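Examination of the molecular architecture
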Amino acid sequence: MASDRRFGNHNAMHVSLALVGLLARASVAAQPQPPLDVPPAINSHNVSVTYDPYQFATGSNVEQHVRLTGTPEGARFTWPKVSATKWDTGLLAVQSWGAESQPWVEVSAGSVTIRQFLDPNAFGIRWLNLSGLRTQLAGGAEVTLRAHAVTLGGDDATLRLFQNQLDLDKPLLIIAPHPDDAEIAAFGLYAGRRSTIVTVTAGNAGVMNYRAQVADPPEHYRLKGYLRAVDSVVVPWQGGIPPERAYNLGYFDGRLDAMYADPSLTVPEVYGPNTDVAPYRRANLGSLLPNGSRTNTWSHLVEDIVTVLRKVNPAIIVMPDPRLDSHLDHEYATVAVVQALEQWNRDATFLLYTNHAGADHYPFGPAGNVTSLPPLATAGADIMLQKVFSYETNPELQIRKLFALESMHDLRLSPEEQSTCDVPNARHRTDDYPRTYEEDYLRRAVRANEIFYVFDRAGVQQLVRRFLESAAKNHAPQ
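Residues numbered from 1 in each chain as written. Predicted model: local features only at pLDDT ≥ 70, side-chain atom pairs only at ≥ 80, totals over all residues. Heavy atoms only, no water.

Looking at the overall build of the protein
The following threshold applies: By definition, any uninterrupted DSSP run of H or I lasting at least four residues is a helix, any uninterrupted run of E lasting at least two residues is a strand, and each is numbered from the N terminus. It only takes one pair of heavy atoms within 4.5 Å for two residues to be counted as in contact. Values of accessible area rely on a 1.4 Å probe in the Shrake-Rupley scheme; residue burial ignores everything except the protein chains shown.
What the protein contains, in helices and strands, is eleven helices and 18 strands. The long-range share in the protein, meaning contacts at least 24 apart out of those at least 6 apart in sequence, stands at 78%. Of the roughly 21,200 Å² that the protein leaves accessible, carbon and sulfur atoms contribute 52%.

This is the structure in structure tokens:
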């Protein structure tokens, strides 16, 4: 991938920061650290410490069992000799008894150390992402786990290695339910590649960010939707994707489940009577679809996605996982894509993501750390995965992703908040994103990797069928 010259001068800064971190770590390591006395976690779901919600398709990975040896700071094990010599993603299942608010596990091999934060009070199996250690891991290598605010239980751990063999030089299609979802989930993956970004909705819902400028709700959300639609078209350019390869379909935020319920019904905006997506499609510069009048219906949405598939002919399609992403628009955006597949008879690889998990606190811990599989909100909701793909993002790419996210109107302070940030008793949002650290995407999204769940065409179709069956069952009258 070609690098943007504007970021070339950061190399010296990264080296300096790395040296500072190395010296600090050496200083800490020189002093004996007493083991943490961490009490058992709150077991809110009353599950076994060996409970693992994730299942993996047979033959999709190399499975090995390693013996953990306890240490005062955590555990260690010896890397086994495995048959998948070209694996790209490695996960290690450990038993967690974490009981504090910021539990983390630091994993070291050779000269490389990575850190992953777990969910507060993590209890049960948690998957540590070891992909960033790949260059250091060969048969016989020693791997050490240093735990903070979490106790690692058990003597055995399961290691899974995935060999995805993805050809990222082929056309990619990124499906984003809202403006900024493509950047949150996959900026690193799509930047500098043959990518097309398609955003399903204009993002014309949520908090009245700009009520100081436009007090009337319908007009306010018309402005907000247009601003966010423009963002979805121009911000990908920061990743080398020109506006001609980014398109906003203009459908209405917060309405996809209602549209799905009656495919031919014209569904109006949440805050006003408008039923035409054209006001938002005028933000587009490309010609992927016509920008004229079009009513907000599920049938039109699926038709539009069929047209996109035929024009782009993607080899890889990136979209939300409806089982792991708790936002309705994210769930039904993927349902629409899978319905469109019925009229597009080509093979593709599907990379699924989640932007809403763990009560919108996942991924956990500060930006820049490693992320892995999210914890599930409901015990017993077992999740089948074919493969997992961890895409590494170097420090330069993380900086570019940070500023792409910061360019999104809905991820930063409104003009009113910026102009009165130091005014006592000024009207500021305190109960919604992005004012809270736990939910802020500038923390959650800028990571050392982006995580995807890999499926083939048949697998993603079966996944969506089961999701819809479960959704129908959950909403059936009692």
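Quick notes on the sheet that holds strand β15 (residues 349-353)
Using the following cut-off: A pair of strands counts as paired when DSSP detects no fewer than two bridges linking them. The convention used is that axes are lines fitted to C-alpha atoms, helices contributing only their stretch in contact, and that angles between N-to-C directions extend from 0 to 180 degrees.
Pairing within the open sheet is mixed, and its seven strands lie in the order β13-β12-β11-β14-β15-β18-β17. Because the sheet does not close on itself, it has two edges, and the strands there are β13 (246-251) and β17 (387-392). With strand direction ignored, the average angle separating the axes of adjacent strands in the sheet is 25°. Where β15 and strand β18 (residues 449-455) come together, three bridges link them in antiparallel fashion. Directly across from Phe 350, in β18, lies its bridge partner Phe 455. Running at roughly 90° to β18, helix α2 (residues 181-190) makes contact with β11 (172-176), β12 (195-201), β14 (316-320), β15, β17 and β18 of the sheet.

Description of the pattern of salt bridges
This is how the line gets drawn: Definition used for salt bridges: Asp or Glu carboxyl oxygen within 4 Å of a side-chain nitrogen of Lys or Arg. Relative accessibility under 20% of the residue-type maximum defines a buried residue, over 50% an exposed one, and the middle range a partly exposed one, all with a 1.4 Å probe and only protein chains included.
Per the counting criterion, the structure on display carries 18 salt bridges. Here Glu 392 and Arg 134 are joined by a salt bridge, their closest N and O atoms 3.3 Å apart. Here Glu 392, found in strand β17, pairs with Arg 134, found in the loop between β8 (123-129) and β9 (142-148); they are 258 residues apart in sequence, far enough to count as distant. Accessibility expressed as a relative area gives 31% for Arg 134, which makes it partly exposed. A salt bridge links Asp 410 to Lys 224, with the shortest nitrogen-to-oxygen separation between them at 3.4 Å. With Asp 410 in the loop between α8 (395-406) and α9 (415-419) and Lys 224 in helix α3 (residues 217-234), the pair connects residues that are 186 residues apart, well separated along the chain. Given the relative accessible area of 17%, Asp 410 is considered buried. For Lys 224, a relative accessible area of 2% corresponds to the buried category. Connected through shared salt-bridge partners, Glu 73, Glu 106, Arg 115 and Arg 146 make up one network.

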